[in-house]
Amino acid sequence: MSYEFLQILWFILIAVLWIGFFFLEGFDFGVGMLLPFIGKKDEERRAVINTIGSVWDGNEVWLLTAGGATFAAFPEWYATMFSGFYLAFFLLLVGLIMRGISFEYRSKDANPAWRNRFDWMIAIGSFLAALLLGATFANLARGVPINADKMFTGNLFTLLNPYGLLGGLTTVAIFLLHGANFLGLKLEGELRERVNAFAKKLWIGATVLYLALGVFTYAAGFWARGIVNPGIVPIAAVAVLLATGYFINRKMEGWAFIMVALNIVLTQVTFFSMTFPNVMLSTTNPEWSLTIYNASSSQYTLGVMSIVALTFVPIVLTYQGWTYYIFRKRISTDKKSLVY
Amino acid sequence: MYESQPMKMAALEAVWETEEPASFSLLTIGDLTGMQEVWSIRIPYVMSFLACNNFTCEVKGVNELQAQYEQQYGHGNYVPLMVVTYWTFRIMMGFGFIMMGAAVWFLYAIRRPDYENSKWMKLVPFGALFLPYLANASGWILTEMGRQPWIVFGLLKVQDAVSPNLTPVDLLISLIGYTVVYGSLAVAMVYLMKKYAIAGPDATMHESVDVAPALVGSQD
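Residues numbered from 1 in each chain as written. Chains lettered and ligands numbered in written order. Predicted model: local features only at pLDDT ≥ 70, side-chain atom pairs only at ≥ 80, totals over all residues. Heavy atoms only, no water.

1. Concerning the overall build of chain A
Test applied: Secondary structure elements are defined from DSSP: runs of H or I of at least 4 residues count as helices, runs of E of at least 2 residues count as strands, and each element is numbered from the N terminus. A radius of gyration in this sense is built from C-alpha atoms; the matching globule rule multiplies 2.2 Å by the number of residues raised to 0.38. Burial status follows relative accessibility: with a 1.4 Å probe on protein chains alone, a residue under 20% of its type maximum counts as buried, one over 50% as exposed, and anything between as partly exposed. Here, two residues are considered to be in contact whenever any of their heavy atoms come within 4.5 Å of each other.
Check the secondary structure of chain A and you find 12 helices and 2 strands. Helices and strands in chain A line up, N terminus first, as α-α-α-α-α-α-α-α-α-α-α-β-β-α. The C-alpha radius of gyration computed for chain A amounts to 20 Å, which stays within 12% of the reference 20 Å derived for 340 residues, consistent with globular compactness. Here the C-alpha coordinates of chain A stretch approximately 60 × 40 × 35 Å along the principal axes. Counting only residues that meet the buried cut, chain A has 55% of its 340 residues in that class. When contacts within chain A are restricted to residue pairs at least 6 apart in sequence, long-range pairs at least 24 apart make up 81% of them.

2. Structural notes on the pattern of salt bridges
Opposite charge on two side chains permits them to pair, given that their charged atoms come into close proximity. Residue and element names in this part refer to chain A. Keep this limit in mind: When a carboxyl oxygen of Asp or Glu lies within 4 Å of a side-chain nitrogen of Lys or Arg, that pair is called a salt bridge.
Scanning all chains against the criterion turns up 15 salt bridges over all chains. A salt bridge links Lys251 to Glu193; its shortest N-O distance comes to 3.2 Å. One end of the pair, Lys251, is in the loop between helix 10 (233-249) and helix 11 (253-275); the other, Glu193, is in helix 9 (residues 190-219), and 58 residues separate them in sequence. For Lys251, a relative accessible area of 40% translates into the label partly exposed. Here Glu253 and Arg330 are joined by a salt bridge, their closest N and O atoms 3.5 Å apart. One end of the pair, Glu253, is in helix 11; the other, Arg330, is in the segment after helix 12 (299-326), and 77 residues separate them in sequence. Judged by relative accessible area, which is 12%, Glu253 ranks as buried.

3. Here's the deal with the packing of aromatic side chains
The description of an aromatic ring pair rests on the distance of the ring centres and on the angle between the ring planes. Cut-off, in case you're wondering: Pairing of aromatic rings covers Phe, Tyr and Trp, the last counted by its six-membered ring, and requires centre-to-centre distances within 6.5 Å; plane angles under 30 degrees mean stacked, over 60 mean edge-to-face, and any other angle means tilted.
Enumeration according to the criterion identifies 44 aromatic pairs over all chains in this entry. With a centroid separation of 5.9 Å and 40° between ring planes, the pair formed by Phe22 of chain A and Phe175 of chain A is classed as tilted. Here the residue Phe22 of chain A occupies a position in helix 1 (residues 3-38), and Phe175 of chain A occupies one in helix 8 (residues 162-186), the gap between them amounting to 153 residues. The class for Phe22 of chain A is buried, based on a relative accessible area of 4%. Seen from their ring centres, Tyr73 of chain B and Tyr78 of chain B are 6.1 Å apart, and the 50° between their planes marks the pair as tilted.

4. A short note on empty space enclosed by the protein
Residues and elements named next belong to chain A. For clarity, the threshold we go by: Site definitions follow a grid-based scheme: protein atoms alone, a 1 Å grid, a 1.4 Å probe that fits but cannot get out for cavities, and for pockets an open set with protein on both sides within 12 Å along at least five of seven lines, plus lining residues having an atom within 4 Å of a point. Grid points are joined across faces, edges and corners, and a volume is the space filled by probe spheres set on the points. All residues other than Ala, Val, Leu, Ile, Met, Phe, Trp, Tyr, Cys, Pro, Asp, Glu, Lys and Arg, Gly among them, are scored as polar; the first ten of these are nonpolar and the last four charged.
As enumerated under the stated definition, the model contains 3 cavities of 30 Å³ or more in all. Here the largest cavity defines a volume of roughly 70 Å³. Taken together, Ala180, Asn181, Gly184, Arg192, Val195, Asn196, Ala199, Phe247, Ile248, Lys251, Glu253 and Ala256 make up the lining of the largest cavity. For the lining of the largest cavity, the elements supplying multiple residues, two or more each, are helix 8, helix 9, helix 10 and helix 11. A total of 4 residues in the lining of the largest cavity trace back to one element, the largest contributor, which is helix 9. When grouped by side-chain class, the residues that make up the lining of the largest cavity number 6 nonpolar, 3 polar and 3 charged. Counted as a void, the second largest cavity has a volume near 60 Å³. Lining the second largest cavity we find Trp18, Trp77, Met81, Phe89, Leu133, Thr136, Phe137, Leu140, Phe271 and Phe272. For the lining of the second largest cavity, the secondary-structure elements that each account for two or more residues are helix 4 (75-84), helix 6 (112-142) and helix 11. Per-element tally for the lining of the second largest cavity: the top contributor is helix 6, with 4 residues. A per-class count over the lining of the second largest cavity returns 9 nonpolar, 1 polar and no charged.

Right, dumping it as structure tokens:
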């Protein structure tokens, strides 16, 4: 396999990992953010947590794999991005740590104040993670100041520009909707009704923000930076998001979930086609952008990685899919069936 | 370590001048500059045995290695912080021997029929609980501090490996941040461990808060 082929292959694989992550952790973050609002009593909150209880850990692994693959396949991209976005990623990690610990510690004490505190930590941690990841990707699409040595020359506030913030808030809104749809599929009875009411309002917010993001991206000319024309993909993404509203109104939760999932996937495909073959655009001077050609590992490394990935990824996908299949039953708030 | 990182070996033993055969130091007091020893208790030949499995080999001293590295790699200070390397090595080894001693003592102590009520039985296992963690942490501190100023010995120095765009403020924020986060988690963890330790092995896990907590303890 030629060097160029391997570089393009790994760009696509990393894109797939990020897409998988946003699709899976999207509803985890959404459920986390909705937790204090959907669940009023302890059994209700327990039921909400149980919907993602068996899968949230596995979903987070997609983030680790995406980061790890970036490190191994494109070390210069990893270095510039993770060192450049240092404080933003530190906050992201704090959010993820808070969230992870809260899932585990929450049930260990009967004190309602203890549980409430950790439930809010789940919500805030999920919110921070969604916001910062959205802002990161928006900034990657927009471009960030990078000098001739492939060094990021801004600071935390460079990332909190209007476009980045809009990207972050849109991601939060879409994940809230995604989470609400997932809860609609997994809960039953009164909780299911409550979730449906939420979903209707969340859909409006998500659509407005998403359209705003699309308009901003188009008006600022971020589309055709790379060599691939996204084509009808972004239009399809908007269409499925609008279709979601119809399905939520008709309480067809399965279809609503599929529509938002498609929206997330198509948005990410748009993003990666927009930037290809750049991985980090430089606003200081386009010549200094990182591309898959100047930021990648050696041919040997990419070759070995490809063999390992093609062996293990199908296994991982199989057992993760199997987990979802096993835990497919709806969760009730009946105390006998809840697992603490 | 003797072959690939001789400076670390010399630093953990506080061997300033090359010795052949090398003695093992039980206690060394250095002077205030950290460059000379003032007084030490040493066991002869043992260091050579630790380094190369015979009683006669030469262990290079810090001063000789520093001169050698300056010639090889250029001007600079290649000596790690000896106070830290010396004492972390002693802590690691010392705690290891104490743990072994505690295990032997324990084997002996449980032969008595009323050992559960013995005063020592309440203290020793509890104290020994922390030793592995402290020994392990000391060992890691020794490994990392002993390799300074290199991050990859002989190839890359720490000052060359640092991300150039990071300011000290960034690093301070994240360092303090992680300390606060992990510190809070430690507090929560100790609270939970204490609660469940006091409750005893028969305590049931909490379920819904609307039900009275079913915490059955085996308190004496």
